[in-house]
Amino acid sequence: MTATTSDTIPKAAIVVGSQREHRAGLQIAEFVQETLQDSQLSAKLAIVDLAIWNLPLYNEPGIPSRIFSAQEYQHEHTQRWSREIASYQAFIFVTPQYNWGYPASLKNALDYLFNEWKGKPAMIVSYGGHGGGKAAEQLKQAFGPGIVRFVCREKEGNSREIR
Ligand SMILES: Cc1cc2nc3c(=O)[nH]c(=O)nc-3n(C[C@H](O)[C@H](O)[C@H](O)COP(=O)(O)O)c2cc1C
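The protein chain is annotated in an unreviewed UniProt entry as NADPH-dependent FMN reductase-like domain-containing protein from Talaromyces atroroseus.

Laid out in structure tokens, this is it:
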């Protein structure tokens, strides 16, 4: 039997999709992390908080799908973001619903990269004032085919899809 070292334990990122002050997103991400850790998951879970990354609006000259290593990006913030995302084997996107979609902060962070996400399993935890289903559907449509592999999605509770 091969011994498990910290290098061989898979790492999953819980990506906090909202960036505004006093957001619910971080608390929800922490709840997800604690819940999964309590279930004896054999993966390391790290919170990747977009508010801390605070990426500018996409400003690379290149097209992410044609870039295969961090050094090929022009900006230092993209190189760091690329290395961060490349270091995870799976993702949980924690996204609020803003105007029936997922927030621009999350779209921007996703758009920055392509091959770093590609083919990796992912799931969505969505929430909102009245429901997060539309945000989850949009995220799945935009980012699913050919990019990440959405393996499941959270069940909504008693949400009503009204603004
Ligand atoms: C710009 C904006 C648009 C919103 N649009 C919706 C919406 O379409 N449907 C909904 O259920 N809630 C909507 N809400 C409520 C948010 O989903 C809710 O406040 C949620 O907690 C926001 O996540 P956050 O606290 O992590 O930013 C909106 C909130 C904001 C700030």
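Read on, since the account is not over.
Caption draft 1: Quick look at the overall build of the protein chain. Scanning the protein chain for helices and strands turns up 5 helices and 5 strands. Reading the helices (α) and strands (β) of the protein chain from amino to carboxyl end gives β-α-β-α-α-β-α-β-α-β. Looking at the protein chain residue by residue over its 163 residues, the buried ones come to 30%. When contacts within the protein chain are restricted to residue pairs at least 6 apart in sequence, those whose partners lie at least 24 apart make up 78%.

Caption draft 2: Summary view of the site of the ligand. By nearness alone, 15 residues border the ligand, and S18, G25, P96, G128 and G129 come closest of all. A class-by-class count of the residues in the shell around the ligand yields 4 nonpolar, 8 polar and 3 charged.

Caption draft 3: Seen up close, the pairing of strand β1 (residues 11-16). β1 sits mainly inside the fold: 5 of its 6 residues count as buried. With 6 bridges joining them, β1 and strand β2 (residues 44-49) adopt parallel strand pairing. Bridge pairing in β2 links V15 to V48. In terms of handedness, the path from β1 via helix α1 (residues 25-38) over to β2 forms a crossover that is right-handed. As paired elements, β1 and strand β3 (residues 90-96) share 5 bridges and run parallel to each other. Considered in β3, the bridge of A13 is made with F91.

Caption draft 4: Structural detail: the pairing of strand β4 (residues 121-127). By the bridge criterion, 6 bridges tie β3 to β4 in an arrangement that is parallel. Bridging across to β4, V94 finds its partner in V125. Note on the crossover from β3 through helix α4 (residues 104-111) to β4: the handedness is right-handed.

Caption draft 5: Quick peek at helix α3 (residues 76-86). Looking at α3, one finds that the buried residues are T78, W81, S82 and I85. Projection of α3 onto a plane perpendicular to its axis shows the buried side chains occupying an angular sector of 105°, all on one side.

About the thresholds
Residues numbered from 1 in each chain as written. Predicted model: local features only at pLDDT ≥ 70, side-chain atom pairs only at ≥ 80, totals over all residues. Helix = DSSP H or I, 4+ residues; strand = E, 2+ residues; numbered from the N terminus. Buried ≥ 20, exposed ≤ 12 C-beta atoms within 10 Å, placed from the backbone. Contact = placed C-beta atoms within 7 Å. Near = placed C-beta within 6 Å. Nonpolar A, V, L, I, M, F, W, Y, C, P; charged D, E, K, R; others polar. Pairing = 2+ DSSP bridges. Right-handed = clockwise from strand over helix to strand, strands pointing away. Arc of directions from axis to C-beta.

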